[in-house]
2 protein chains.
Amino acid sequence: MVSAEKPAASSGARRGSPGEGLPPTTLVLPGDEPTAAALIAAAVEVMAVHGYHGTSVRDIAAAAGTSPAILYHHFTSKQGLLATMLDRGLDVLIAATEEALDLAGEDPADRLRAVVGAHVRVHLESQRESLLGNSELRSLEPGARALVVAKRDVQQRIFDRVVRDGVRRGVFGADQPDDAARFVSTACTAVAAWYRPGGRLGPDEIVARYEEIALDAVRYGR
Amino acid sequence: MVSAEKPAASSGARRGSPGEGLPPTTLVLPGDEPTAAALIAAAVEVMAVHGYHGTSVRDIAAAAGTSPAILYHHFTSKQGLLATMLDRGLDVLIAATEEALDLAGEDPADRLRAVVGAHVRVHLESQRESLLGNSELRSLEPGARALVVAKRDVQQRIFDRVVRDGVRRGVFGADQPDDAARFVSTACTAVAAWYRPGGRLGPDEIVARYEEIALDAVRYGR
DNA sequence: CCTACCGATCGGTAGG
DNA sequence: CCTACCGATCGGTAGG
């Protein structure tokens, strides 16, 4: 994976020269090689503020410390970048949730705590990316959107299955398991909309409280 | 409310001529007077699909069956239209919620059902406008955004107060009333994101089920 | 003769 | 309240 093409330091140093229109909070240090991952990270930051259509490819490139031309080397289009961003974000969310479930054992309450905890934690730790995943689905062209929506449905079905299992075993008393699962998952998703780092509650406290409220919402032990 | 300004039929006929790029679902019939309200309604429709930055003033004007110039007669800017749209949407939401509370009496469970029912119903009946209220807050300039955020806080405090009252009276068993109130209100807001008219559940059923799940989430009767 | 990029600019369209 | 435009900037691509 080592490339001997050309030292990138000179190019980076040129771009980093002061007095230019670049914002001071460039996300890639001078000398770094601009990768697809760095471009996605930069796009997350700027799109979270102005949205997909409110962000130009030049905004994204500038935030990554590079040029639009490099963006078009790594992605077919601005659309392609958005599609990759949202698709990978959901892969991370689903993987984290399934991993938590694998570790949770058989107890339905532990399993609901696992999926709620994983879902909330991802939405707190990748807050901006999560916000974009919810607000910019409409900006995806139909093909890519269908793919992302399908992955969102996969995550919802994980919640559905955990709640249904708990009801079937008589541990949860929810009258309408799927509605309760939707109620819970959407409340967990919404933490990305109101959470502010440094606020009243930290991520661990939010996770712990949401796990217990979720158990109440499915009538755990009733 | 009758305006004698000018018969709009000829203009409407011109715009409605076939073979043009106009979508067939123009929201204002030829002959209607384009008002600020009609422009907002048209903007809600097109912005709900493409977002604020993805929608041009020409898109809005065309959906309202009028011209960009008329839009700038009724609003100072595209920003001004968005600010008016979101501000009035929250006024409607808060008014509906307070009216429901007034009718609810003293029982904490009835009061929670009232605010949940009103909040959910508004988000179902004004689905697109509600979606924009959540996704396009970031597109508002700081002054207007602060005003809208303050009104959103007013709505959240209504939920907070109802849950706290229920806990104080010993009717709700929530350990963390404000967190439960946030959990519930955000789940109710999210109905605008997943509801599809003609789907499994109608508005009345969703309202009824969400009222009961909300009561579970605050540990009603425990 | 390829890739990975550069500075510059394309054809159209944005808000006003 | 329309036609005709503006300054600028859009997403994307040219030659080298």
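Residues numbered from 1 in each chain as written. Chains lettered and ligands numbered in written order. Predicted model: local features only at pLDDT ≥ 70, side-chain atom pairs only at ≥ 80, totals over all residues. Heavy atoms only, no water.

1. Side note on the overall build of chain A
For chain A, the count of helices and strands is 11 helices and 0 strands. In chain A, the succession of helices and strands from N to C terminus is α-α-α-α-α-α-α-α-α-α-α. Once local pairs closer than 6 in sequence are excluded, the contacts in chain A between residues at least 24 apart make up 68%. Surface exposure of chain A reaches about 11000 Å², of which carbon and sulfur atoms provide 54%. (Helix = DSSP H or I, 4+ residues; strand = E, 2+ residues; numbered from the N terminus. Contact = heavy atoms within 4.5 Å. Areas by Shrake-Rupley, 256 points an atom, 1.4 Å probe, with all protein chains shown as cover.)

2. What about the relation of the copies chain A and chain B?
At an RMSD of 0.1 Å, chain A and chain B line up after a rotation of 180° and a shift of 0.0 Å along the axis. Accordingly, the operation relating the two chain copies is best matched by a two-fold axis. Most of the interface of chain A is mirrored in chain B: 100% of its interface residues are interface residues there too. (Least-squares fit on C-alpha atoms with pLDDT ≥ 70 in both.)

3. So, the protein's contact with DNA strand D
Looking at DNA strand D, there are 12 residues lining it, with Ser56(A), Arg58(A), Tyr72(A), Lys78(A) and Ser67(B) nearest. For DNA strand D, the backbone portion of the atoms within 4 Å of the protein, that is sugar and phosphate, comes to 60%. Lys78(A) places a polar side-chain atom, nitrogen or oxygen, 2.4 Å from a phosphate oxygen of DNA strand D. The side chain of Arg58(B) places a nitrogen or oxygen atom 3.4 Å from a base nitrogen of DNA strand D. Here the surface near DNA strand D is composed, by residue class, of 4 nonpolar, 4 polar and 4 charged. (Near = heavy atom within 4 Å. Polar contact = N/O pair within 3.5 Å; in protein donor to acceptor, adjacent residues only side chain to side chain. Nonpolar A, V, L, I, M, F, W, Y, C, P; charged D, E, K, R; others polar.)

4. So, the protein's contact with DNA strand C
Around DNA strand C, 13 residues are found, and the nearest of them are Ser67(A), Ser56(B), Arg58(B), Tyr72(B) and Lys78(B). Sugar and phosphate atoms represent 71% of those atoms of DNA strand C found within 4 Å of the protein. Between Thr55(B) and DNA strand C, the recorded distance is 3.1 Å, taken from a backbone N or O atom to a phosphate oxygen. Elements represented by at least two residues in the surface near DNA strand C include exactly α1 (9-15) and α4 (68-74) of chain A together with α3 (57-63) of chain B. Sorting elements by how many residues they give to the surface near DNA strand C places α4(A) first, with 3 residues. The class makeup of the residues in the surface near DNA strand C is 4 nonpolar, 5 polar and 4 charged.

5. Looking at empty space enclosed by the protein
The tally for this structure, following the rule as stated, stands at 3 cavities of 30 Å³ or more. Empty space within the largest cavity amounts to approximately 60 Å³. Around the largest cavity, the lining comprises 16 residues; the ones closest to its centre are Glu136(A), Arg138(A), His53(B), Glu136(B) and Arg138(B). Split into classes, the residues belonging to the lining of the largest cavity amount to 2 nonpolar, 10 polar and 4 charged. (1 Å grid on protein atoms, 1.4 Å probe; cavity = no way out; pocket = protein on both sides within 12 Å on 5 of 7 lines; lining within 4 Å. Points joined across faces, edges and corners; volume = space filled by probe spheres on them.)

6. Here's the deal with the packing of aromatic side chains
Taken as a whole and judged by the stated rule, the model has 7 aromatic pairs over all chains. Pairing Phe172(A) with Tyr220(A) gives two aromatic rings, centres 6.1 Å apart and planes at 80°, and the pair type is edge-to-face. Here Phe172(A), found in the loop between α8 (142-168) and α9 (177-189), pairs with Tyr220(A), found in the segment after α11 (203-217); they are 48 residues apart in sequence, far enough to count as distant. Residue Phe172(A) is classed as buried on the basis of its relative accessible area, which comes to 2%. Considering the side-chain rings of Tyr210(A) and Phe183(B), the 4.9 Å spacing of their centres and the 55° angle between planes classify their relative orientation as tilted. (Phe/Tyr/Trp six-rings, centres within 6.5 Å; stacked < 30°, edge-to-face > 60°. Buried < 20%, exposed > 50% of the residue type's maximum accessible area, 1.4 Å probe, protein only.)

7. Thoughts on the side chain of Thr84(B)
Residue and element names in this part refer to chain B. Note that Thr 84 resides in helix α5 (residues 78-104). Here Gly 80 takes part through its backbone oxygen, which lies 2.8 Å from a polar atom of the side chain of Thr 84. Excluding its chain neighbours within four sequence positions, the residues that come into contact with Thr 84 are Ile 40 and Phe 75.

8. What about the UniProt feature "DNA-binding region" (unreviewed entry) in chain A?
What UniProt calls "DNA-binding region" (unreviewed entry) maps, in this numbering, to residues 56-75 of chain A. Along residues 56-75 of chain A one finds 70% helix and 0% strand; the C-alpha atoms at either end are 14 Å apart. (UniProt positions renumbered as here; feature names shortened; annotations may be inferred.)

9. What to know about the interface of chain A and chain B
Counting residues at the interface gives 33 residues for chain A and 33 residues for chain B. Counting each side, the surface lost to burial between chain A and chain B is near 2900 Å², with a carbon and sulfur contribution of 54%. Where chain A touches chain B, the interface holds 8 salt bridges. One salt bridge in this structure joins Asp179(A) and Arg209(B), with 2.6 Å as the shortest N-O distance. The interface formed by chain A and chain B holds 12 residue pairs in polar contact (both at pLDDT 80 or more) in total. Elements represented by at least two residues in the side of chain A that touches chain B include exactly α2 (36-50), α7 (127-135), α9 and α11 of chain A. Here the side of chain A that touches chain B takes 8 residues from α9(A), the largest share from any one element. (Buried area = accessible area lost by both parts, 1.4 Å probe. Salt bridge = Lys/Arg side-chain N within 4 Å of Asp/Glu carboxyl O.)

10. Description of the pattern of salt bridges
A complete count under the given rule lists 26 salt bridges over all chains for this structure. Sharing partners across several salt bridges, the network here consists of Asp87(A), Asp91(A) and Lys151(A).

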